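A look at the structure
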Amino acid sequence: MEQLVFSSNNSLAFSNRTGSVFRLGGAVGAAAGASRAAGTGKVDGIAPTSPVEKGQNGEVAPWGPANDFPQLVKAAIAKSTVIWPVLDWKNRAVYGKGIIYGKVTGYNPDGSEIFQRVKDPVVQAFFRKSNLHRFGFEGIQGLVFFANAFPELVLSNDRSEITSVCIQDTSYCRFATQQPGQAMPSDVFISANWPDAKPGDGYTTKVPVLDPYYSDVDALRADTRGFKYIWPLGIPSPGNAIYQLAAWNVIIKSGWLDVAQAIPEFKKQLFKNQLSIKYLIEADIRYWQWKYPDWQEKKEGERKQLIQAELEAFEATMTGTDGAGKSILTVTMPDPQNPGATIKVFTVTAIDDKIKSGLYVEDSQEASSHIYTALQVDPTLSGISPGKGIGSGSGSDKRVAFNTFVATHSFYQDLLLEVLHFIRDYNGWDKELEFRFLVPQVNTADQPSELSNNSATPPPAE
């Protein structure tokens, strides 16, 4: 039998039959305590629109046509000397020195915050239990690599507190099929075996989903689907309703990644060929007839044995470290058709080393340039890149590039921190507590380094 559980302000209702959370807006009526617009006292006329893609079948909403998009992305960049390392650099740069907490005590004349760090034993205990440094780093990683992250919140057995939080690996997560009228898919399926995983196979776990756009503390307290929940996060990308697409993925579809990876593969094969075709040996057919008067009568197998023996003798002279400094005997013989003339029996030509000429260096450089542009990272920040002409810049270049990068990636931090702000409200912590990422700002040598979030002061001594 279906039963609806309403939040205290009647803005949300939870169905225990379908596992759906309904946004009610003003449908229940002001007299019953309907949701009011923040700061206005007005009742919401209707809930926000939630688009749903049609044509979804089965329990799992596939990520990509074969439900293996994250796996394909990892395979595509596994051999790149630029993409994976630079994404890792972005991950570390956005994470900075990790997550801190404190209070905003005022603002500087330029509008920046004056952030005072504090110490709270309850919050400190939560940080330690949740290994929050891992939560911060792994959460940023999911957003940087895939533009999606899946924090998991764990409740106490009496549902009075959220006791810990962690991050599920993005590539292991798939949303349940979203149904019409649902603000969000009701669940996330977690498995290390996609695309072959299936709900109920013993290796796939279903975890209910919270709506990050319309979360409500009372609704979570009334929710009876379990004691752990996913709070999905995504870097918005146009036209993607459920799974977001990282902007840097254009480098895969553009073909420049194929170019970048084809060049080292070609050069590897060229190295192999250089080793096997180092010399071109040309032998005059009349040599064999001169050396072996019965050459014409010999069978093909005998002729091959004689030629092979001659070649082995040549290679014993030309190859190996013990062959250094040896002399080569040049064999000549009389030309039977031109008395007094001679025939050079063997002509030895060394194959040119095309690799020393820097073959395809310019193409490698251009591919690297396109990749760095797609990754939105200045090459000076990650050191010398493949090819000529792109390398580490001056200290000033690095300083400006790093500070610009940090300033333009705060949204990644904000997304992850909204989970902690919800936990603060659910657990009843001090509502003035704010969470921040502590990220260095690089200054010139004559100035002390500052910290983003505006020179956060240290916490008080215990």
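Strands sit in the order E5-E4-E17 across an open sheet of three strands; the sheet is antiparallel. If you trace the sheet from one side to the other, it starts and ends with strand E5 (113–117) and strand E17 (434–437), each paired once. Within this sheet the neighbouring strands show an average axis-to-axis angle of 60°, counted without direction. Pairing of strand E4 (residues 99–107) with E5, which is carried by five bridges, proceeds in the antiparallel orientation. Residue pairing across strands places lysine 103 opposite glutamine 116, the latter belonging to E5. Most of the contacts of helix H12 (residues 410–427) go to E17, to which it runs at about 155°, and overall it touches E4 and E17.

To continue, consider the packing of helix H4 (residues 132–146) against H12. Viewed as axis vectors pointing N to C, H4 and H12 meet at an angle of 135°, and their least axial separation amounts to 10 Å. By the angle class used here, H4 and H12 are oblique. The interaxial crossing formed by H4 with H12 has right-handed handedness. For the pair formed by H4 and H12, the contact residues are Leu132, Phe135, Gly136, Gly139, Ile140, Leu143 and Val144 on the first element and Tyr412, Gln413, Leu415, Leu416, Val419 and Leu420 on the second.

Our focus in this paragraph is the environment of glutamate 366. The topology assignment puts glutamate 366 in helix H10 (residues 361–375). Since its relative accessible area comes to 41%, glutamate 366 is described here as partly exposed. Placed 107 residues apart in sequence, glutamate 366 and valine 259 show a C-alpha to C-alpha distance of 9.5 Å.

The next subject is the sheet that holds strand E10 (residues 205–208). Two orientations exist for strands paired in a sheet by backbone hydrogen bonds: parallel and antiparallel. Across the sheet, which stays open at both edges, the three strands sit in the order E8-E9-E10 with antiparallel pairing between neighbours. Edge strands, defined here as strands with exactly one partner in the open sheet, are strand E8 (173–175) and E10. Ignoring strand direction, the axes of neighbouring strands in this sheet form an average angle of 30°. Two elements, strand E9 (residues 187–190) and E10, share four bridges in a ladder whose sense is antiparallel. Note that in E10 the partner of valine 188 across the bridge is valine 207.

Right, let's get into the packing of aromatic side chains. In this structure the tally under the stated criterion is 18 aromatic pairs. With a centroid separation of 6.3 Å and an interplanar angle of 50°, the aromatic rings of tyrosine 101 and phenylalanine 435 are classed as tilted. In this pair, tyrosine 101 sits in strand E4 while phenylalanine 435 sits in strand E17, placing the two residues 334 residues apart along the sequence. Neither tyrosine 101 nor phenylalanine 435 differs from the other in exposure class; each is buried. Ring plane angle 50° and centroid distance 5.5 Å describe the contact between phenylalanine 175 and tyrosine 243, whose orientation is recorded as tilted. Taken together, the residues phenylalanine 175 in strand E8 and tyrosine 243 in the loop between strand E12 (233–234) and helix H6 (250–254) connect sequence positions 68 residues apart. Among the aromatic side chains, those forming a connected cluster through ring pairs are Trp63, Phe69, Trp84, Phe145, Phe146, Phe150, Phe175 and Tyr243.

This brings us to helix H3 (residues 121–130). Because the α-helix completes a turn every 3.6 residues, residues three or four places apart line up on one side. Looking at H3, one finds that the buried residues are Val123, Phe126, Phe127 and Ser130. Down the axis of H3, the smallest arc covering the buried residues is 100°, so these residues share one side. More than 90 degrees from the buried face of H3, the exposed residues found are Pro121, Arg128 and Lys129. Capping the start of H3 is the job of one residue whose side-chain oxygen sits 2.9 Å from the backbone nitrogen of valine 122: aspartate 120. At the exit of H3 stands asparagine 131, carrying a positive phi of roughly 45°.

Criteria and thresholds
Residues numbered from 1 in each chain as written. Predicted model: local features only at pLDDT ≥ 70, side-chain atom pairs only at ≥ 80, totals over all residues. Heavy atoms only, no water. Pairing = 2+ DSSP bridges. Helix = DSSP H or I, 4+ residues; strand = E, 2+ residues; numbered from the N terminus. Axes fitted to C-alpha atoms, helices over the stretch in contact; angles between N-to-C directions. Contact = heavy atoms within 4.5 Å. Parallel < 35°, antiparallel > 145°, perpendicular 65-115°, else oblique. Left-handed = near helix turned anticlockwise from the far one by under 90°. Buried < 20%, exposed > 50% of the residue type's maximum accessible area, 1.4 Å probe, protein only. Phe/Tyr/Trp six-rings, centres within 6.5 Å; stacked < 30°, edge-to-face > 60°. Arc of directions from axis to C-beta. Polar contact = N/O pair within 3.5 Å; in protein donor to acceptor, adjacent residues only side chain to side chain.

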